[in-house]
Amino acid sequence: MEKNAWKKYSLEELNEVEALSISYKKFLDDAKTEREAVTEIIKRCENEGFKDLDFIVKNKSSLNKGDKVYVNNNGKSVVLFIIGEEDIENGMNILGAHIDSPRLDLKANTLYEEDGFAYFDTHYYGGIKKYQWVTLPLAIHGVVIKKDFTKIDIKLGEEEEDMVFGITDLLPHLAQEQMQKKASEVITGENLDILIGSRPLAGEEKEAVKKSILKILKEKYNIEEEDFLSAELEIVPAGHARDFGFDRSMIMAYGQDDRICAYTSFEAFLSIHDVPTKTLACILVDKEEIGSVGATGMASHFFNNAIMEICSLLGKDAFMALQRTLKHSKMLSSDVNAAYDPLYKEVMDKRNASFLGHGIAFCKYTGSRGKSGSNDADAEYVAELRKIMDDNHVSFQISELGKVDAGGGGTIAYFLANYNVKVIDCGVGILNMHAPWEISSKIDVYEAYKGYIAFLKNA
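## Some points on the pattern of salt bridges
Inspection of every chain in the model, using the stated rule, returns 32 salt bridges. Where lysine 442 meets glutamate 18, a salt bridge forms, and the shortest distance between an N and an O atom there is 3.0 Å. Of this pair, lysine 442 sits in helix 11 (residues 442-458) while glutamate 18 sits in helix 1 (residues 11-30); the two residues are 424 residues apart in sequence, bridging distant segments of the chain. For lysine 107, the salt bridge goes to aspartate 121, with nearest N and O atoms at 3.5 Å.

Following this line, the structure appears as structure tokens:
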């Protein structure tokens, strides 16, 4: 426990670490938004024999041991199930992670011209340091839904031949006043607008640059200005996940909070080929970064509804079976932890921090300061997980999110705890959390994958 996990692997095993890292980096590139993540996950699941639960329900089919199903919640959240040997009321083993990440969203009335420049007006999503988002190459991902319900998928800024976008900043020569401001005020939310063009449309005098952009949007993408009213367009860093460091031991990429846990969770889930003892579930949800609200967040009832559908297809009274199932279930609420950073040790409790390269990180309690908003796992459950990890040679560490009075944060854990599910936070430590580019350790990705498999099979 709490030893550098790199030291325990043979050269052959390290090749497996690298292979998983390559797959993980591709997932990060292909799934920069929650919609893209759901698309990729369902594609992989269907290739592994998972069936759409809605299709099964509509066809009045039943479920049997070993069946694999998924629930697509509005294209922005997904839950996977594998039906086990035991009665589902004996409880499930559940993995849960979120697939949304901090970013910038376009406002509904987004396109405007100011003094010869065309901009997209934005509203930032989740907890960010606003100054980190200026002067970076940015990409636009998302969907536009027209009035006739035509769906236009947008992904601009990722290929070498693509244009990129960005947010300007003030030159240091004229920034004396700006540099005296607090970091939270150096860049304001209303100044996080994306510069998208500067060339006027020939023959136009008024808002000629805006009209030029609208002409391009119409000709190339069949998008008109009013279509932004029914669009979900997200601004994310442009570029690919990359190896980090001379030794290539780390990964730098956007969105590792929390697609690092989502990826390792569903990869662990797909590795289960035999009929499991208990029914297994993997929850991959939206909206965690803004409080897990809305129909696609963990606060909604879509997970409970899915369980009731499954219980009904198993011939049970859905409502009572739901209560009994959750009461006897166990969960790893997978989310990232703040890895110890020697350059910022003043906010870290070194004895209780997670370290890059030391394996999967359990966080017995989250919350802020006096554990406010916390899920606090009981000692019996922690002891059980310690044994599972040790028996399966998984490197793990017990950690907290910084010093007690330094701040804090929450996860989706307490939503399931409200239903009497045994749950603990369990994820991967990363550096630069919530920054446009976050850093993880390849060995921690592998240990998380192994740890999630061990939990699914043995809890």
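On we go.
## Observations concerning helix 2 (residues 34-47)
Between its first and last C-alpha atoms helix 2 spans 20 Å; for 14 residues at 1.5 Å apiece the expected length is 20 Å, and the two agree. Among all positions of helix 2, only Glu34, Glu36, Ala37, Val38, Glu40, Ile41, Ile42 and Cys45 are buried. In the segment just after helix 2, glycine 49 is the residue with positive phi, at about 95 degrees.

## A short note on the sheet that holds strand 6 (residues 117-125)
The pairing of strands in a sheet happens through backbone hydrogen bonds and is either parallel or antiparallel. The antiparallel open sheet is built from six strands, whose spatial order is 8-7-10-5-6-9. The sheet is open, and its two borders are formed by strand 8 (151-156) and strand 9 (194-197), each paired with just one other strand. When strand polarity is set aside, the average angle formed by the axes of neighbouring strands in this sheet is 30 degrees. Of the strand pairs in this sheet, strand 5 (residues 103-114) and strand 6 are connected by eight bridges, and their pairing is antiparallel. Paired with tyrosine 112 across the two strands is tyrosine 119, which belongs to strand 6. This element, helix 5 (residues 208-221), spans strand 5, strand 6, strand 8 and strand 9 of the sheet and lies at about 125 degrees to strand 5.

## Some words on the sheet that holds strand 3 (residues 77-82)
Pairing in this open sheet of nine strands is mixed, and the strands run 1-2-3-13-4-14-20-16-18 from one edge to the other. The sheet is open, and its two edges are formed by strand 1 (51-52) and strand 18 (396-398), each paired on a single side. Examined bridge by bridge, strand 16 (residues 360-363) and strand 20 (residues 422-427) share three bridges and lie antiparallel to one another. Counterpart to cysteine 363 in the pairing with strand 20 is aspartate 425. Helix 11 contacts strand 4 (92-98), strand 13 (279-285), strand 14 (330-333), strand 16 and strand 20 of the sheet and is inclined by roughly 150 degrees relative to strand 4.

## Quick notes on a nonpolar patch on the surface
A cluster of nonpolar side chains, Leu170, Leu171 and Leu174, forms an exposed patch at the surface whose accessible area comes to about 270 Å². Among the secondary structure elements, leucine 174 is positioned in the loop between strand 8 and helix 4 (183-186). A relative accessible area of 61% means that leucine 174 is categorised as exposed.

## Things to note about the nonpolar core
Of all hydrophobic cores here, the largest spans 63 residues; its most connected members are Leu80, Leu284, Leu332, Phe362 and Tyr452. The leading source of residues in this core is helix 11, at 10 residues. With 32 residues, the next largest nonpolar core counts Leu53, Val71, Phe81 and Ile94 among its residues.

## Overview of the state of the cysteines
Scanning the model with the defined rule gives zero disulfides in all. Looking at the unpaired cysteine 45, the closest cysteine sulfur is the one in cysteine 282, lying at 8.0 Å. Note on cysteine 45: relative accessible area 0%, which makes it buried. Here cysteine 363 is not disulfide-linked; the sulfur of cysteine 426 is the nearest cysteine sulfur, at 10 Å.

## A look at the packing of helix 1 against helix 6 (residues 256-270)
For the pair helix 1 and helix 6, interaxial distance at closest approach is 10 Å and the crossing angle is 125 degrees. With respect to helix 6, the axis of helix 1 lies oblique. Crossing of helix 1 over helix 6 shows right-handed handedness. Across the interface between the two elements, Leu20, Ser23, Tyr24, Phe27 and Leu28 of helix 1 pack against Gln256, Arg259, Ile260, Tyr263, Phe266 and Glu267 of helix 6.

Cut-offs used in this document
- Residues numbered from 1 in each chain as written.
- Predicted model: local features only at pLDDT ≥ 70, side-chain atom pairs only at ≥ 80, totals over all residues.
- Heavy atoms only, no water.
- Salt bridge = Lys/Arg side-chain N within 4 Å of Asp/Glu carboxyl O.
- Helix = DSSP H or I, 4+ residues; strand = E, 2+ residues; numbered from the N terminus.
- Expected span 1.5 Å × (residues − 1).
- Buried < 20%, exposed > 50% of the residue type's maximum accessible area, 1.4 Å probe, protein only.
- Pairing = 2+ DSSP bridges.
- Axes fitted to C-alpha atoms, helices over the stretch in contact; angles between N-to-C directions.
- Contact = heavy atoms within 4.5 Å.
- Patch = residues over 30% accessible without salt bridge, like charges linked within 9 Å, V, L, I, M, F, W, Y side chains within 5 Å.
- Areas by Shrake-Rupley, 256 points an atom, 1.4 Å probe, with all protein chains shown as cover.
- Core = buried A, V, L, I, M, F, W, Y, C linked by side-chain atoms within 4.5 Å.
- Disulfide = S-S within 2.5 Å.
- Parallel < 35°, antiparallel > 145°, perpendicular 65-115°, else oblique.
- Left-handed = near helix turned anticlockwise from the far one by under 90°.

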